[in-house]
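Commentary on secondary and tertiary structure
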Amino acid sequence: MNKLSIRELSLYYEKHQALKKISLDVESNEILAVIGPASSGKSSLLRAINRLYEIDYARITGEILLDDKNIFDIPISELRRRIGLIFATPVVLPGSVYKNIAYGPKLHRRLKKSELDELVCDALKAGNLWDEVADRLDDSASRLSGGQQQRLCIARTLAMQPEVIMMDEPCSGLDPISTAKIEATMLELKKDYTFILVTNNTKQAARISDRTAFLYLGELIELDKTQKLFTSPADMKTDDYIRGRFG
Amino acid sequence: MKDKIAEKLLLFIAFSAILSLSLITFFIFQQGIPLIFKAGLGNFFSLRWAPTRGGFGILSMVVGSLMVTIGALAVGIPFGLAGAIFLAEFSSSTIQKTLKPVIELLAGIPSVVFGFIGIVILVPFIREIFGGPGFSVLAASIILGIMILPTIVSISYDALLAVPKTYREGSYALGATKWQTVVMVLLPAARSGIVAGIILGMGRAIGETMAVIMIAGNALKIPGSILDSVRTLTSTIALELGYAAGDHRAALFACGSILFLIIIFLNIIATRITNRK
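Overview of the structure. Because the structure is predicted, anything quoted here is derived from the model rather than measured.

**Focus on the nonpolar core**
The biggest cluster of nonpolar side chains holds 122 residues, and the ones touching the most others in it are Val34 of chain A together with Ala139, Ala140, Ile143 and Ile215 of chain B. Of the residues forming this core, the biggest block, 17 residues, is contributed by helix α6 (residues 137-161) of chain B. Here isoleucine 143 of chain B is in contact with Phe114, Gly118, Leu122, Ala211 and Ile215 of chain B, once residues within four sequence places are set aside. Core analysis: the second largest hydrophobic core is formed by 14 residues, Leu35, Ile58, Leu252 and Cys255 of chain B among them.

Below, the structure written as structure tokens:
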């Protein structure tokens, strides 16, 4: 079943067109990797899906369906609860580790203190961070290391009980060990969530994704099973890119 | 070579600024403090102010200054913060570019003009609606509150704009509305800048003299309500320094010293609040 269906999606920043009639489906419980060189529209695609492009005064045409329902027919806060977004640089909000996790759930519903405690604990465990911060919940979140901050952001998104988790180069600033931890977390969570992973690291896409989409200058060049795309791509441009000949 | 000269010159200028400040401080304390000990602390912090006949009680003026300042903050903080939040988060860039200079211009209006507006409009208005003399804590608070608005608005606005864009995106991406983002993310993140703006505003309110003399009524007693007349430390100095001599003059400098200490004390409290995590 398709979790997300994108039909003829174009996105414009004033005069510049960042996405050109993209159509693709995202299946439930898969990790879809999106690769492509700089300014190929990878981030714009994610920002279109959770309507974050609106704060940049961008416009879109085309259709995006979440569970066969147009995203514009879903209240925006519900849409963003169901589709989480993790940024390249971890966005740690002011305040403690606990407050960071509790922020999302508190926006969407009233919770008792005990329920919230449990939710925070579960989210941190699911984000593979609990063991490292269990005794530091009241510390300022900005004191965590870069890798911990990124896992905090993942845990914060998990605490909202989303359906789709989009990641925009989540490991770009991280060391190999932190990267491995985040990849392990994603593979564990795959059974309950759907992932869209934008990455500049083609090896990462090859390691953990089920299918891979190659974007180039705002166009979808190719979308296929990851193994197929990396071993025998149909398009020359894809081949060039994954072999590192450009981009 | 030229660098060396420029460096020495700048050093000299910087030091002369600091030097003149320390000289002023020294002068005020040197003139005022001896009187406090001569009169005795009991006399000094009493209610009887008759400086030509040995009564040096400044308590009612200290209370007056504090009441007027708190009143000014009660008016200035909510309006100032609301203005800054509106400008930074809820208005188009055209509105921002028009309103920001206008608000900053407000800071350039001489205080005597504010006092005049107070006498002509606010005082009669308070007299008719609430009764009493009209010249009151309330009138002074409102006028001072308006006078410190530009400081609070423009510094808080800059602090809000300085919050990284990623905070907004992160908050929106979690499904927060604009208002939730402002209250739960932006205000905490901009807190130190906002408190700095409030401190500066507070300094202006407690030090303001002309407007307060014109509309506060200047009666020498602790006000029983916000509709009563009030006299501040600064008003006393300005009103009496012209004819004061001897101990009376020293008593006014003592008022200045106390004012100085109050401002430093408030600043320390405010910085503590800012730094607390």
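Having seen the model, we can carry on.
**As for the interface of chain A and chain B**
When the parts of a complex come together, some accessible area is lost, and that lost area is often taken as the interface size. Counting residues at the interface gives 19 residues for chain A, matched by 17 residues for chain B. Those elements that provide at least two residues to the side of chain A that touches chain B are α2 (76-82) and α3 (97-108) of chain A. Looking at the side of chain A that touches chain B, the element that brings in the most residues is α3 of chain A, giving 4 residues. Looking at the side of chain A that touches chain B residue by residue, the classes come out as 10 nonpolar, 7 polar and 2 charged.

**Regarding the pairing of strand β8 (residues 194-198) of chain A**
All names here are of chain A. Among the 5 residues in β8, 5 count as buried, and that is most of the element. Alternating positions in β8 separate into two faces, Thr194, Ile196 and Val198 on one and Phe195 and Leu197 on the other, with burial throughout. The pairing of strand β3 (residues 31-35) with β8 spans 4 bridges and is classified as parallel. Across the sheet, the residue bridging to leucine 32 is isoleucine 196, located in β8. Relative to β8, strand β7 (residues 164-168) runs parallel, the two sharing 5 bridges. Bridging across to β8, methionine 167 finds its partner in leucine 197. You can see the chain leave β7, run along helix α7 (residues 176-189) and come back into β8, and the turn it takes is right-handed.

**What about helix α1 (residues 42-49) of chain A?**
Residue and element names in this part refer to chain A. Of all 8 residues that make up α1, 8 are buried, and the element is covered over most of its length. Three or more residues of α1 are buried, namely Lys42, Ser43, Ser44, Leu45, Leu46, Arg47, Ala48 and Ile49. Directly beyond the C-terminal end of α1, a positive phi value near 60° is found at arginine 51.

**Focus: the packing of α6 of chain B against helix α9 (residues 191-207) of chain B**
Residue and element names in this part refer to chain B. Two elements in contact, α6 and α9, have axes separated by 8 Å at closest approach and are oriented at 160°. Looking at the two axes, α6 sits roughly antiparallel to α9. α6 and α9 meet at a crossing whose hand is right-handed. For the pair α6 and α9, the contacting residues are Leu144, Met147, Ile148, Thr151, Ile152, Ile155, Ser156, Asp158 and Ala159 in the first and Gly193, Ile194, Ala196, Gly197, Ile198, Leu200, Gly201, Arg204 and Ala205 in the second. For the contact of α6 with α9, a count of residues per class yields 11 nonpolar, 5 polar and 2 charged.

The rules behind the values
Residues numbered from 1 in each chain as written. Chains lettered and ligands numbered in written order. Predicted model: local features only at pLDDT ≥ 70, side-chain atom pairs only at ≥ 80, totals over all residues. Core = buried A, V, L, I, M, F, W, Y, C linked by C-beta atoms within 7 Å. Buried ≥ 20, exposed ≤ 12 C-beta atoms within 10 Å, placed from the backbone. Helix = DSSP H or I, 4+ residues; strand = E, 2+ residues; numbered from the N terminus. Contact = placed C-beta atoms within 7 Å. Nonpolar A, V, L, I, M, F, W, Y, C, P; charged D, E, K, R; others polar. Pairing = 2+ DSSP bridges. Right-handed = clockwise from strand over helix to strand, strands pointing away. Axes fitted to C-alpha atoms, helices over the stretch in contact; angles between N-to-C directions. Parallel < 35°, antiparallel > 145°, perpendicular 65-115°, else oblique. Left-handed = near helix turned anticlockwise from the far one by under 90°.

Distances and angles like these do not, on their own, reveal function.
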